Amino acid sequence: MKHLYHRGSNPDAPVLLLLHGTGGTERDLLPLAQMISPSSSVLSVRGNVLENGMPRFFRRLAEGIFDIEDLVFRTKELSEFLDNAAEEYGFDRNNVVAVGYSNGANIAGSLLFHYKDALKGAILHHPMVPLRGLELPDMTGLPVFIGAGDNDPICAPGETRELEQLLSGAGALVETHWERFGHQLTGTEAAAAAEWFKKTF
Ligand code: MLT
């Protein structure tokens, strides 16, 4: 997968896996990594799917209606990419915290839904429920930050709560930060995520 990797000054700090929103690139979320953990190594990945020229992490049939077969395939592809990147760059595969926005948050959620110990933690900005009807792996103690909008037209509050319940039901420790700026990732939401990271890791 197209990506960039920056080695951080602290080899023990979690590696930040950055996952952009629809139409983004591997450069979009780099400022977030600086806010969250400036000494961390950063692995930032570009989604392999193009929708009218816009990179995404998996196909969708319409807004909010995911191509589940492709989602499962792309989730496996990303999981294998992470295993290989850990070997290639020499970081601890068990020390990866995802930071995803929108479509990137959805593939991060799908990693958690499909693979036990896929991530050490996750910051999910405006995620949806990636898919339903799966038996989720044990996520006991897994820290997850959700940034949500109580007027988000893409991810309604009810869906945020459903995601909270699914993750918590599997044992994850979920903290949700609510704002009123629709689907936007605001500076205050990013600051709340950085604060959460500092107290959690
Ligand atoms: C998605 O397709 O993953 C979500 O609808 C968010 C988006 O990327 O627009």
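Anything mentioned here points back to the structure above.
About the criteria used
Residues numbered from 1 in each chain as written. Predicted model: local features only at pLDDT ≥ 70, side-chain atom pairs only at ≥ 80, totals over all residues. Heavy atoms only, no water. Pairing = 2+ DSSP bridges. Helix = DSSP H or I, 4+ residues; strand = E, 2+ residues; numbered from the N terminus. Axes fitted to C-alpha atoms, helices over the stretch in contact; angles between N-to-C directions. Expected span 1.5 Å × (residues − 1). Contact = heavy atoms within 4.5 Å. Buried < 20%, exposed > 50% of the residue type's maximum accessible area, 1.4 Å probe, protein only. Core = buried A, V, L, I, M, F, W, Y, C linked by side-chain atoms within 4.5 Å.

Caption draft 1: Region of the structure containing the sheet that holds strand S11 (residues 173–179). Spatially, S1-S3-S2-S8-S9-S10-S11 is the arrangement adopted by the seven strands of the open sheet, whose pairing is mixed. The sheet is open, and its two edges are formed by strand S1 (3–6) and S11, each paired on a single side. In this sheet, neighbouring strand axes are inclined to one another by 15° on average, regardless of whether the strands run parallel or antiparallel. One ladder, built from five bridges, connects strand S2 (residues 15–19) with strand S8 (residues 96–101); its direction is parallel. Bridge assignment links Leu-16 to a residue of S8, and that residue is Val-97.

Caption draft 2: Seen up close, helix H5 (residues 187–200). Along its 14 residues, H5 runs 20 Å from first to last C-alpha, staying within 8% of the 20 Å computed at 1.5 Å per residue. Residues of H5 that are buried sit in contact with S2, helix H1 (30–36), S8, strand S9 (121–125), strand S10 (143–149) and S11.

Caption draft 3: Structural view of the environment of Lys-198. Looking at the secondary structure, you find Lys-198 in helix H5. Separated by 34 residues in sequence, Lys-198 and Glu-164 have C-alpha atoms that sit 21 Å apart. Beyond its immediate stretch of four places on either side in the chain, Lys-198 contacts Met-35 and Ile-36.

Caption draft 4: A look at helix H3 (residues 103–114). The end-to-end C-alpha distance of H3, which contains twelve residues, comes to 16 Å, matching closely the 16 Å that a straight helix rising 1.5 Å per residue would cover. What H3 keeps buried is the set Asn-103, Gly-104, Ala-105, Asn-106, Ile-107, Ala-108, Gly-109, Ser-110, Leu-111, Leu-112 and Phe-113.

Caption draft 5: Region of the structure containing the nonpolar core. Counting residues in each nonpolar core, the largest one holds 42 residues, and the members touching the most others are Leu-17, Leu-19, Leu-43, Phe-91, Leu-119 and Leu-167. Within the residue set of this core, elements represented by two or more residues are S2, strand S3 (42–45), helix H2 (68–89), S8, H3, S9, S10 and helix H4 (157–169). A total of seven residues in this core trace back to one element, the largest contributor, which is H2. The residues touching Phe-91, leaving out its near neighbours within four places in the chain, are Tyr-5, Val-15, Leu-43, Leu-82, Ala-85, Ala-86 and Val-96. Core analysis: the next-biggest nonpolar cluster, separate from the first, contains 20 residues, Ile-36, Val-99, Ala-194 and Trp-196 among them.

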